[in-house]
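# Examining the three-dimensional arrangement
If you want the building blocks of each chain, they are given just below.
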Amino acid sequence: MDPALLKERELFKLKASAIPVVEKRLREDNSNKDELKRKSKPLPSMPRPPSPPNTASSLNSYKSFGQSSQYKFGVLTKIVKYIRARHQDGDDHPLTLDELLDETNQLDVGTKVKTWLETEALPGNPKIERTPDGKYMFKPPYKLKDRKALLKLLKQQDLKGLGGIMMDDIQESLPNCEKALKYLQNEILYVCRPGDKKKVMFYNDKSATIDINEDFKKMWRSIAVENMDDEKIEEHLEKQGISSMQDNGIKKINHVKRKKPVTKKRFSKRPRDNEHLANVLEDYDTL
């Protein structure tokens, strides 16, 4: 190589070794600072899950709703009981809503409860009847004014075979019911239902009573048929020469549908295609 170039190279190396290396340190310091900043940066905030509903507030709202509905139905029950008691005492003239609230000592009822009573509760109650002029009265199961009407109703039930009438319905329908029942005690029969022990009233038809011999009653009661089914009872009656009662009810007659007669098509004897004019018609194609 050229000796001049070698000298320049050696001088360059000496100069370079004499200069302190600061840039590298600065770069290293800056890189370290950047890394520290990256590490110290807070992580992006994640969306928080929705907070659960306030159980205390929901319970309070539920309690307030329950209390409000309970209050409304309490007002309604007082009105129904008062109207029924008036009807049972014989007082049947209708009253307005304000008069009913006054009679039941409930004048502090708010407007919401009043509108609910006027629009939903009272018109939809089966025990209350609304008059055309907007007043209210008791709606009994049967319209009975006195004991004569009760006796007539029981007779109609007996004649039509409709059975008895619940005593609870009569007590609600008939004013001064206890006095009427005492007066008609010989005209009415009472039967207790085995399930709920409620009394059912029947008309005591005395024309159907028959005097039966005591010997026949003793014979009837001496025969026990508790452990015998219907087939055994029927066999026993046949051995004794007694025919058992059969079901001779009204049978439905199935009406046979009649077929409609088939209408035959009539063939007309009229000539077709002018056959009857064969000798008269002329062919003009040859002309």
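Preceding this section is the structure that the text describes.
Keep in mind that this is a model prediction, so the values were computed, not measured. (Residues numbered from 1 in each chain as written. Predicted model: local features only at pLDDT ≥ 70, side-chain atom pairs only at ≥ 80, totals over all residues. Heavy atoms only, no water.)

### So, a nonpolar patch on the surface
Defined as follows: Within the patch definition used here, like charges are joined within 9 Å and nonpolar side chains (Val, Leu, Ile, Met, Phe, Trp, Tyr) within 5 Å, considering only residues with over 30% relative accessible area and no salt bridge. Here the Shrake-Rupley method, with its probe set to 1.4 Å, supplies the accessible areas, and only the displayed protein chains count as covering residues. We define a salt bridge as a contact between a side-chain nitrogen of Lys or Arg and a carboxyl oxygen of Asp or Glu at a distance within 4 Å. Helix numbering and strand numbering both begin at the N terminus, where a helix is a DSSP run of H or I of at least 4 residues and a strand a DSSP run of E of at least 2. A 1.4 Å probe rolled over the protein chains alone gives each residue an accessible area, and that area as a share of the maximum for its type sets the label: buried under 20%, exposed over 50%, partly exposed in between.
Nonpolar side chains collect at one region of the surface, where Ile 210, Ile 212, Phe 216 and Trp 220 lie side by side and expose about 510 Å² of accessible area between them. As for its position among the elements, Phe 216 is in helix H9 (residues 214-222). By relative accessible area, Phe 216 is classed as partly exposed at 47%.

### Looking at the nonpolar core
How we decide: Buried residues of nine kinds, namely Ala, Val, Leu, Ile, Met, Phe, Trp, Tyr and Cys, make up a nonpolar core once their side-chain atoms join them within 4.5 Å. Contact definition: two residues touch when any of their heavy atoms are within 4.5 Å.
Among the nonpolar cores identified, the biggest contains 18 residues, and Leu 76, Ile 79, Leu 97, Leu 117 and Leu 122 are the most heavily contacted of them. Counting residues per element, the ones that place at least two in this core are helix H3 (55-88), helix H4 (97-103), helix H5 (111-121) and strand S2 (136-138). A per-element tally of this core places H3 first, with 5 residues. In contact with Leu 97, other than residues within four places in its own chain, are Ile 79, Lys 114, Leu 117, Glu 118, Leu 122 and Tyr 136. Core analysis: the second largest hydrophobic core is formed by 16 residues, Leu 153, Ile 170, Leu 174 and Ile 188 among them.

### A closer look at the pairing of strand S5 (residues 199-203)
Stated formally: Whether two strands pair comes down to DSSP finding at least two bridges between them.
In the sheet, strand S3 (residues 165-166) pairs with S5 via 2 bridges, with the strands oriented antiparallel. Within S5, the residue paired with Ile 165 across the bridge is Met 201. Note: strand S4 (residues 188-192) against S5, 5 bridges, orientation antiparallel. Bridge pairing links Ile 188 to Tyr 203 in S5.

### Overview of the side chain of Thr 104
Formally: Pairs of N or O atoms within 3.5 Å make up the polar contacts considered here, provided that, within protein, one atom can donate a hydrogen while the other can accept it, and that residues adjacent in sequence are counted only when both atoms are side-chain atoms.
As for its placement among the helices and strands, Thr 104 is situated in the loop between H4 and H5. Of the polar contacts made by the side chain of Thr 104, one reaches the side chain of Gln 106; its length is 2.9 Å. Ignoring anything within four residues of it in the chain, the contact list for Thr 104 reads Lys 78, Ile 79 and Tyr 82.

### Details of the environment of Leu 144
With respect to the element layout, Leu 144 can be found in the loop between S2 and helix H6 (147-160). With a relative accessible area of 7%, Leu 144 lands in the buried category. In this structure Leu 144 touches Ala 149, Leu 150, Leu 153, Ile 170, Ser 173, Leu 174 and Pro 175, once residues within four positions along its chain are discounted.

### Quick notes on the pattern of salt bridges
Overall, the coordinates contain 7 salt bridges when judged by the stated rule. Notably, a salt bridge pairs Lys 127 with Glu 172, separated by 2.8 Å at the nearest N-O pair. Residue Lys 127 is found in the loop between H5 and strand S1 (128-130), and its partner Glu 172 is found in helix H7 (residues 167-173); the two are separated by 45 residues along the sequence. Given a relative accessible area of 28%, Lys 127 falls into the partly exposed group. Because the salt bridges share partners, they merge into one network encompassing Arg 84, Lys 127 and Glu 172.

### Quick notes on the sheet that holds S3
Strand pairing in a sheet is mediated by backbone hydrogen bonds. Such pairs are either parallel or antiparallel. Pairing within the open sheet is antiparallel, and its 3 strands lie in the order S3-S5-S4. Whereas interior strands pair on both sides, the edge strands pair on one side only; in this sheet they are S3 and S4.

### Digging into the side chain of His 87
Position of His 87 relative to the elements: it lies in helix H3. Residue contacts for His 87: discarding those within four places in its chain leaves Asp 92, Phe 138, Pro 140, Glu 172, Ser 173 and Pro 175.

### A word on a negative patch on the surface
Let me state the cut-off plainly: When charges are counted, neither His nor the chain ends are considered; positive counts come from Lys and Arg and negative counts from Asp and Glu. By convention, the point assigned to a charge is CZ for Arg, NZ for Lys, CD for Glu and CG for Asp.
A cluster of acidic residues, Asp 229, Asp 230, Glu 231, Glu 234, Glu 235 and Glu 238, forms a negative patch at the surface. As for its position among the elements, Glu 234 is in helix H10 (residues 230-239).

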